[in-house]
Amino acid sequence: MQTPIVWPVASRFPGDTGEEISSLLYTAPMADSAPPASNLPELSVSEISQAVKRTMETTFDRVRVRGELGRVTVAKSGHMYADLKDENASLSLVMWKGAVGQLRFRPEEGLEVIAEGKLSTFPGKSSYQLIADRLEPAGVGALLAQLEKLKQKLAAEGLFAAARKKPIPFLPDTIGVVTSPTGAVIRDILHRLGERFPRRVLLWPVLVQGEQAAGQVAAAIRGFNSFEGSLRPDVIIVARGGGSIEDLWAFNEEIVVRAAAESAIPLISAVGHETDTTLIDFASDLRAPTPTGAAEKAVPVRAQLIEQVESFGGRLSGGLLRGMERRRTELRATSARLPRPEALLAFAQQRFDRAAERLGFALQANTRAAAARFDRIGVRLRAETLTQAMARRAERLGELDKRLIAAVNRGLADDTRRLRQTGRLLETLSHRSVLARGFALVTDEAGGVVRSAGALSTGDAVKLTFADGAAPAVIGGGEGRKKGKAAPVQGSLF
Amino acid sequence: MSREAPDPATLSFEQALGELEKIVAQMERGDVALEDSIALYQRGAALKAHCEAKLKDAQLKVEQIVLGPEGPRAEPAKIG
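Here, residues in each chain are numbered from 1, in the same order as that chain's written sequence. Each chain takes a letter, starting from A, and each ligand takes a number, starting from 1, following the order in which they are written. Since the coordinates come from a predicted model, pLDDT governs what is reported: local features require at least 70, and pairs of side-chain atoms require 80 or more to be given and counted, while whole-chain, interface and lining totals use all residues. Each side-chain value is worked out from all heavy atoms of the structure, with water and hydrogens disregarded.

Draft legend 1. Summary view of the overall build of chain A. In this description a helix means any DSSP run of H or I spanning at least four residues, a strand means any run of E spanning at least two, and both kinds are numbered starting from the N terminus. Helix and strand counts for chain A stand at 13 helices and 13 strands. Burial here depends on accessible area, computed with a 1.4 Å probe over protein chains only, as a share of the maximum for the residue type. Under 20% is buried, over 50% is exposed, and the range in between is partly exposed. Out of the 494 residues belonging to chain A, those deemed buried represent 32%. In this analysis, two residues are considered to be in contact whenever any of their non-hydrogen atoms come within 4.5 Å of each other. Once local pairs closer than 6 in sequence are excluded, the contacts in chain A between residues at least 24 apart make up 65%.

Draft legend 2. Structural view of unusual backbone geometry. The phi torsion at A:S126 lies on the positive side, around 50°, for a residue other than glycine. Among the secondary structure elements, A:S126 is positioned in the loop between β4 (112-122) and β5 (127-137).

Draft legend 3. The arrangement of the interface of chain B and chain A in detail. On the chain A side, the residues contacting the 40 residues of chain B number 40 residues. Take the accessible area each of two parts loses on contact, using a 1.4 Å probe, and add the two losses: that sum is the buried area. Buried surface at the junction of chain B and chain A, both sides included, amounts to about 3,400 Å², of which 69% is carbon and sulfur. Sorting the residues of chain B by area buried against chain A places B:L55, B:L60 and B:I65 first, and these three jointly supply 18% of that buried surface. Think of a salt bridge as a Lys or Arg side-chain nitrogen and an Asp or Glu carboxyl oxygen that are within 4 Å of each other. The tally of links from chain B across to chain A stands at three salt bridges. Put simply, A:R315 and B:E28 hold a salt bridge, and the shortest N to O gap is 2.9 Å. Polar contact is the term for a pair of N or O atoms within 3.5 Å; when the atoms are in protein, one must be able to donate a hydrogen and the other to accept it, and sequence-neighboring residues count only if both atoms are side-chain atoms. Taken together, the connections running from chain B to chain A amount to eleven residue pairs in polar contact (both at pLDDT 80 or more). Mapped onto the side of chain B that touches chain A, the elements with two or more residues apiece are α1 (13-29), α2 (34-56), β1 (61-68) and β2 (71-76) of chain B. For the side of chain B that touches chain A, the element with the most residues is α2(B), which contributes twelve residues.

Draft legend 4. Up close: helix α9 (residues 291-298) of chain A. Residue and element names in this part refer to chain A. Across the eight residues that make up α9, a large majority, six, are buried. Residues of α9 that are buried: P291, T292, G293, A294, A295 and A298. On its buried face, α9 sits against β6 (174-179), α5 (184-196), β8 (235-240) and β9 (267-271).

Draft legend 5. Representation of the sheet that holds strand β13 (residues 469-474) of chain A within the structure. Residues and elements named next belong to chain A. Should DSSP find at least two bridges between two strands, the strands are taken to pair. Strand order in the open sheet formed by three strands is β11-β12-β13, and the pairing between neighbours is antiparallel. The strands lining the two open edges of the sheet, one partner per strand, are β11 (441-443) and β13. With strand direction ignored, the average angle separating the axes of adjacent strands in the sheet is 25°. Across six bridges, the pairing between strand β12 (residues 461-466) and β13 is antiparallel. Residue pairing for β13: T465 is matched across the bridge by A470. Note on geometry: axes are lines fitted to C-alpha atoms, helical ones only across the stretch in contact, with angles between N-to-C directions running from 0 to 180 degrees.

Draft legend 6. Representation of the sheet that holds strand β3 (residues 90-95) of chain A within the structure. Residue and element names in this part refer to chain A. Strand order in the closed barrel formed by five strands is β1-β2-β3-β5-β4, and the pairing between neighbours is mixed. Strand after strand, the sheet turns through a mean of 55° between neighbouring axes, direction not considered. Both β3 and β5 contribute to a ladder of three bridges, which runs parallel. What sits directly across from V94, in β5, is I131.

Draft legend 7. The packing of helix α10 (residues 302-337) of chain A against α2(B), seen in detail. Two elements in contact, α10(A) and α2(B), have axes separated by 10 Å at closest approach and are oriented at 165°. Between α10(A) and α2(B), the crossing angle belongs to the class labelled roughly antiparallel. As for how α10(A) packs across α2(B), the hand of that crossing is left-handed. Contacts between α10(A) and α2(B) involve A:R302, A:L305, A:I306, A:V309, A:E310, A:G313, A:L316, A:S317, A:L320, A:M324 and A:R327 on the former and, on the latter, B:L34, B:S37, B:I38, B:Y41, B:G44, B:A45, B:K48, B:C51, B:E52, B:L55 and B:K56. Just so you know how the angles are binned, under 35 degrees is roughly parallel, over 145 roughly antiparallel, 65 to 115 roughly perpendicular, and the rest oblique. Left-handed describes a crossing whose near helix is turned anticlockwise from the far helix through less than a right angle; right-handed describes the clockwise counterpart.

Draft legend 8. The environment of A:L154, seen in detail. Residues and elements named next belong to chain A. Following the sequence through the fold, L154 ends up in helix α4 (residues 140-156). Sequence separation between L154 and E254 is 100 residues, and the spatial gap between their C-alpha atoms is 8.2 Å. In contact with L154, not counting residues within four places along its chain, are L159, F160, E254, V257, R258 and L279.

Structure below.
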């Protein structure tokens, strides 16, 4: 930090005013009769203060001082009080309300400034001060540093985030414009709106530079947002014409940037020229390079839209007609391809005719084939076939018959032989052979064999059977006639 | 689509224009059934009328916000 440069603007030098001071000091009347303690004239505080004041004001008529702003206060009265300092010294600075209103930037602590004004004293406090009527930032660099700091801070809060950006309505009914009611800006906007698409414009007149500008612009943005109904615009344009960075400073003010960021109504910023960028441009939903550009972004070109709607209308009707025409053509083409009923039947008819014709032939052919087959089989059906078979069978029957007879005969002969043998055996074993050997068989009247003498009583008739025949006999009590030596007493031979 | 679509009068210009454009494209593609194409045409015609009405309403009217004791109001602007 350099030492404040203080130099007198007027051509007066301390030497010029020395006489004045001397005259004051030495020619002051003795107001008191008390013996003087020295030969110095005695002055009242006010007198010396006034003298100092005069000396100050005449010596340093007008000065230009560079330094860093210390604490800055704006009193209710509108006057601004601040300290201007460097490493070694501090100078009180006062700026009256009227001059403060002319400021094109916000004086704040730490900002390096150049103040211009008159040096004066404040007799009530035994102090001196610079009564500045002009105050400007010490070069653009100082302001830009201040701007950058604020930008970082607001960006960190997310005020510039892309996600916050609202789309600008395509065709707003009412456009709110925050700008000065005088000057080229509002006229440019209205002119371009009129060219493109005349709309209803609600102007919120504000100061666009100076101490009050920021507050007014912020209030206007908030005001539009607070409105309901017909006073609420669909889009807001905040505009200002070109100027120095100091001129545009209000649009870098935090209060304005916050109001723009918070606006629920889409906001277009257009401050200065294309190359100028103020912080409101970061917070707005859309940045236009110029006020005219803002009008262009706010509304579409009516003539183009009329043309477009017309074109759509034409294409709509055209589309319908072409659709109909296409269908008509398709219908025609399709119906042309559709065959006639006769044509459809003709083929079937032909097939039928052909089949019917072939049916007769087929029947005859079939009959012929069947007859031929019958003939083929018929020839094979002859009497010899049957008689041969019968003869073969009769022959076989004869053979079997013969074999049967032979078998029977053979069996018969065998049986006869066996019968004879058995008969002979039987003969050998029968009572007859016993009878032949001299025995007789006694049977009772009933024919039963008498086996025991006890079974016979005198007078019983019995039959005596001998080998050569039978003789009746009666059981007698005495001696019968003697016929043989051996009385035929029936033993129990069987 | 035309049956449940909102009344054109409730649409913004941009919405109406956008829908009209879609309908035109659909008609020109020619893949719409005959009955639908007629309904579509009617919808398109209504949208077009709405757009035209919006375009007709084009008047530059400049008012100025005045903050009075009874609250804000708009009066004819005094442009310097």
